[in-house]
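Overview (structure and organization)
Here are the chains, one letter per residue:
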Amino acid sequence: MLDINLIRDEPDMVKKAILDRGMDTEVADVDGILELDSRRRALLVEVEELKRQRNVAGDEIAALKKEGGDTGPIVDRMREISEHIKGMDAEVREVEAGREALMLDIPNTPHESVPVGPDETANKEIRIWGEPPRFTFEPRPHWEIGEALDILDFKRGAKIASTRFTLLKGAAALMERALINFMLDLHTREHGYTEVFPPILANRKSFEGVGQLPKFGDDMYWCRDDDLSLITTAEVPVTNIHRGEVLREEELPRKYVAYTPCFRREAGSYGKDVRGIIRQHQFNKVEMVKFVHPDASFDELESLTTNAEEVLKRLDIHYRVMCLSTGDLGFAASKCYDLEVWMAGTGEFKEISSCSCFTDFQARRANIRFKPAGGGKPRFVHTLNGSGLAIGRTVAAIMESKQLDDGRVVVPPALQPYMGGMTVIE
RNA sequence: GGAGAGAUGGCCGAGUGGACGAAGGCGCACGCCUGGAGAGCGUGUGGGCGGCUUAGCUCCGUCCCGUGGGUUCGAAUCCCACUCUCUCCGCCA
């Protein structure tokens, strides 16, 4: 959620940000907000004056009673005023709710360094690392390799659950587990993150806090009886660790890393990535989340991205870093880098990590603040998160990049200690 | 799942429907005292919204005692619902 003061003071800037994102200002209704906002303030002035009168009268009544005076007339008058207040309070609530509802549709404003463009075609390549592996044979996609090695079982995954669920067997299951441990170790031991293992179900407030609700409700698996949903990403529970809290400035930045399974209905992506393990309803992910000082947030985005990249470097997999354009940027993000990994089997780059800076957009919604060390009012922290990395896609990338002509797959050296010394999957 | 107890400021803890943003204590900050520290004394010590003014964060108003409703001229206090915590019983990896 944006700061209402920003919308009041610089409505044109906010509107431009909406248009740059390719959104409609009918949907993101800045003028509507301004109108409701000024109505709200006018009502407040009026009703607060009435409340003041009520408070004064309260004292008078108390004093009169003590002296045994007649409170009848003043009580009658206040009865009327109280009725009036009740009505106006309801009106204020209504106007306020309307304003809030509209404000939830206003996206974050992109950082000035974000390329302006309509969609992903305007994304800008920031850097590229390594080179695509060269093969003396026609490289195969991971689903063919995995089925041939009998380590990816799509049929049985579908039998147990449904399509987009895969049964991992043997070396694939082991590699999945190894990657989780490898990434957690890297980020905790070398990058200074604190490991957490959060609840995998979260409540409505937690989803609202990070901006997943109301927008992405269709993509979530709800447990209706309990009003809980399976998490779509660890961002949800981890960012909400500090919901409603006031941190001390000295505690910033706070850096967490979590492994969790993630669950997405993938509504509306029928026909996309139907083969393989790229797009699953259930997948594993190691996620980094930071709570930082507002002055540091964009530097923190750079280091967060670097932390995610380090995983791919150590696995020796070719990738590039893209800065998302305004048209491709997530609703709550001010700036976002995607790490795209080279899928040797299909010859394309595939998103494997998304590192975003949300400025105070999430913190305002989730009410996460810090107390300035020098005193003064609490301020909103800035939040960031990034995958470090998506596990299943990493498995797929390794299988495709490290495949041999005989169908075997070489285990990257960094991963071998985590796989009991296994060097080749065969 | 059953029975009970509870939720008040950074923490502990009091609070007969009008004196309560809230006693008292602890903590913290500043000042006095001290060679220095401690003790002692004094002062201060939450947040949201709005207004004024315009940038002073001083002033004024309003709201906040788990959350949301209700009763009342007036609610921390009475009523209802919900959430959470604790204890006991049952079940369970």
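Keep in mind that what you see is a predicted model, and the values were worked out from it rather than measured. (Residues numbered from 1 in each chain as written. Chains lettered and ligands numbered in written order. Predicted model: local features only at pLDDT ≥ 70, side-chain atom pairs only at ≥ 80, totals over all residues. Heavy atoms only, no water.)

All told, the structure shown has 33 salt bridges when counted by the stated rule. Taking the shortest distance from any N to any O, the salt bridge between Asp-31 and Lys-15 comes out at 3.0 Å. One end of the pair, Asp-31, is in helix α3 (residues 30-67); the other, Lys-15, is in helix α2 (residues 11-20), with 16 residues separating them in the sequence. The salt bridge involving Lys-169 is made with Asp-153; its shortest N-O contact spans 3.0 Å. With a gap of 16 residues between them, Lys-169 in the loop between β3 (167-168) and α7 (170-190) and Asp-153 in strand β2 (residues 152-153) connect regions that are remote in the sequence. (Salt bridge = Lys/Arg side-chain N within 4 Å of Asp/Glu carboxyl O. Helix = DSSP H or I, 4+ residues; strand = E, 2+ residues; numbered from the N terminus.)

We now examine the sheet that holds strand β1 (residues 124-129). An order of β1-β11-β12-β13-β16-β10-β9-β4 is seen for the eight strands of this open sheet, with the pairing classed as mixed. Two strands close off the open sheet at either side, each with one partner strand: β1 and β4 (194-196). Pairs of neighbouring strands in the sheet enclose a mean axial angle of 25°, with direction left out of account. Taken together, the 10 bridges between strand β9 (residues 254-263) and strand β10 (residues 282-292) define a ladder with antiparallel strand orientation. Looking across to β10, one finds that Thr-260 is bridged to Lys-285. Most of the contacts of α7 go to β10, to which it runs at about 10°, and overall it touches β4, β9, β10 and β16 (382-390). (Pairing = 2+ DSSP bridges. Axes fitted to C-alpha atoms, helices over the stretch in contact; angles between N-to-C directions. Contact = heavy atoms within 4.5 Å.)

Moving on: the environment of Val-114. By secondary structure assignment, the location of Val-114 is in the loop between α4 (72-103) and β1. Each C-alpha atom, one on Val-114 and one on Ser-334, is 8.3 Å from the other, the two residues being 220 residues apart in sequence.

Next up on the list: the sheet that holds strand β15 (residues 379-380). Strand order in the open sheet formed by three strands is β8-β14-β15, with mixed pairing between adjacent strands. Because the sheet does not close on itself, it has two edges, and the strands there are β8 (246-248) and β15.

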